[in-house]
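Overview (structure and organization)
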Amino acid sequence: MASMEEDGSVEEKDNNNKKRTKSAIAVAWLTFYNIAMTAGWLVLAMAMMRFYIQKGTHKGLYKSIARTLKFFQTVALVEVGHCAIGIVRTSVIVTGVQVCSRIFMVWFITNSIKQIQNEESVILFLVVWTLTEITRYSFYTFNLLNHLPYFIKWARYNMFIIMYPLGVAGELLTIYAALPFVRKTGMLSMRLPNKYNVSFDYYYFLIIVMLSYIPLFPQLFFHMLRQRRKVLLGEIIVEKDE
Ligand SMILES: CCCCCCCCCCCCC/C=C/C(=O)SCCNC(=O)CCNC(=O)[C@H](O)C(C)(C)COP(=O)(O)OP(=O)(O)OC[C@H]1O[C@@H](n2cnc3c(N)ncnc32)[C@H](O)[C@@H]1OP(=O)(O)O
């Protein structure tokens, strides 16, 4: 049987091999990217706290941070590119669903429908996203710098157990709150007859989006549970081909 020491050296070699396979340019870019994103979400966290301390209410908070949020959340699209070109070992599909659902929440729900911007559910997903992203990007940064404090690793692979369901609840409640406004205004919808002969009802589209959380969310959640077992408990997980 292999001793703990031997196990440790095998793990160390494996880590070193993984790092060597990433080019220096990729490591430099990822380090810069993760530091910038950690800073961006920290700025958002501070702006939210400052707003709440000064005003004593969540009303107006979204509007005050909207620009910064839109910028940093949209930039996250490059993460799909990271997976596609293979500089991070993550599934394009899993990352794509995660990033696109966030971008959809920001641009096509919260930003487009002013009447829902003061809903408590918006604050719920904003707080959850912010805490999650500060932890996730600082995890990647310290990991790339080979100085990962255990508490960040622990937080990265435990917080999501609470944060994912809370974030999803905030997002679904926000879409639900948007439904009456979408139905009343007919926004982003196309009714027949029109010159393209195409009909699209954003109201029903939103209902389909809400229903799509039922099959998609468990996949993201179980993906994170597998990552947790792999990183915290050292289990070897054989990934299925996509
Ligand atoms: C058109 C509209 C469509 C709408 C569709 C709606 C349906 C949506 C349904 C689902 C909705 C979900 C909504 C989610 C809301 C929330 O976010 S709530 C808040 C809680 N959220 C979380 O906790 C997020 C958890 N998810 C993630 O962390 C990721 O997004 C992930 C892609 C799902 C998983 O991350 P993954 O990268 O696979 O795992 P890791 O263990 O972190 O990393 C794996 C390896 O990749 C390396 N790596 C990844 N990214 C980087 C990077 N930026 N820099 C450096 N390295 C990176 C990482 O180090 C790992 O490498 P190895 O060590 O070599 O394995």
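Residues numbered from 1 in each chain as written. Predicted model: local features only at pLDDT ≥ 70, side-chain atom pairs only at ≥ 80, totals over all residues. Heavy atoms only, no water.

The name an unreviewed UniProt entry gives the protein chain is Very-long-chain (3R)-3-hydroxyacyl-CoA dehydratase, with Salmo salar as the organism. Within the UniProt record for the protein chain, the comment given under Pathway (unreviewed entry) is "Lipid metabolism; fatty acid biosynthesis." Listed under Sequence similarities (unreviewed entry) in UniProt, the entry text for the protein chain is "Belongs to the very long-chain fatty acids dehydratase HACD family." (UniProt positions renumbered as here; feature names shortened; annotations may be inferred.)

Attention shifts here to the site of the ligand. The environment of the ligand is formed by 33 residues, the closest being Tyr-140, Arg-156, Tyr-157, His-223 and Gln-227. At 2.7 Å, a side-chain N or O of Tyr-140 approaches an oxygen atom of the ligand. Tyr-157 is positioned such that a nitrogen or oxygen atom in its side chain is 2.4 Å from an oxygen atom of the ligand. Those elements that place two or more of their residues in the shell around the ligand are helix H2 (24-55), helix H5 (92-110), helix H6 (120-144), helix H8 (160-185) and helix H9 (202-233). Per-element tally for the shell around the ligand: the top contributor is H9, with eight residues. Among the residues forming the shell around the ligand, the class breakdown is 15 nonpolar, 11 polar and seven charged. (Near = heavy atom within 4 Å. Polar contact = N/O pair within 3.5 Å; in protein donor to acceptor, adjacent residues only side chain to side chain. Helix = DSSP H or I, 4+ residues; strand = E, 2+ residues; numbered from the N terminus. Nonpolar A, V, L, I, M, F, W, Y, C, P; charged D, E, K, R; others polar.)

Once that is clear, we can look at the environment of Ile-35. For Ile-35, the position within the fold is in helix H2. With relative accessibility at 44%, the residue Ile-35 sits in the partly exposed group. Once the C-alpha coordinates of Ile-35 and Phe-142 are considered, the two residues, 107 residues apart in sequence, prove to be 9.3 Å apart. (Buried < 20%, exposed > 50% of the residue type's maximum accessible area, 1.4 Å probe, protein only.)

Quick look at the side chain of Ser-138 now. Locating Ser-138 in the fold gives a position in helix H6. Owing to a relative accessible area of 11%, Ser-138 belongs among the buried residues under this scheme. Ser-138 has contacts with Thr-38, Glu-133 and Ile-152, leaving out every residue within four places of it along the chain. (Contact = heavy atoms within 4.5 Å.)

Turning our eyes to something else, we now look at the pattern of salt bridges. As enumerated under the stated definition, the model contains four salt bridges in all. Salt-bridge contacts for Arg-102 lead to Glu-133; the nearest nitrogen and oxygen are separated by 3.1 Å. Placement of the pair is Arg-102 in helix H5 and Glu-133 in helix H6, with a sequence separation of 31 residues. No difference in accessibility class separates Arg-102 from Glu-133, as the two residues are buried. (Salt bridge = Lys/Arg side-chain N within 4 Å of Asp/Glu carboxyl O.)

On to H5, then. With 19 residues, H5 ought to run about 27 Å at 1.5 Å a step, and its terminal C-alpha atoms sit 25 Å apart, in line with that. At Phe-104, H5 is deflected by roughly 25°, the largest bend along its length. Along H5, the residues classified as buried are Thr-95, Gly-96, Val-99, Arg-102, Ile-103, Phe-104, Met-105, Val-106, Ile-109 and Thr-110. Buried residues along H5 sit against H2, helix H3 (61-75), helix H4 (78-85), H6, H8 and H9. Backbone nitrogen of Ile-93 and a side-chain oxygen of the N-cap are separated by 3.1 Å at the start of H5; the cap is Ser-91. (Expected span 1.5 Å × (residues − 1). Bend = angle between axes of the 7 residues up to and from the residue.)

Here the focus is a nonpolar patch on the surface. A cluster of nonpolar side chains, Val-43, Met-46, Met-49 and Ile-53, forms an exposed patch at the surface whose accessible area comes to about 450 Å². With respect to the secondary-structure elements, Met-49 resides in helix H2. (Patch = residues over 30% accessible without salt bridge, like charges linked within 9 Å, V, L, I, M, F, W, Y side chains within 5 Å. Areas by Shrake-Rupley, 256 points an atom, 1.4 Å probe, with all protein chains shown as cover.)

Right, let's get into the UniProt feature "transmembrane region" (unreviewed entry) in the protein chain. When the UniProt feature table is mapped onto this chain, "transmembrane region" (unreviewed entry) is found at residues 26-53, 92-110, 122-145, 157-182 and 202-222. A helix fraction of 100% and a strand fraction of 0% characterise residues 92-110, whose end C-alpha atoms lie 25 Å from each other.

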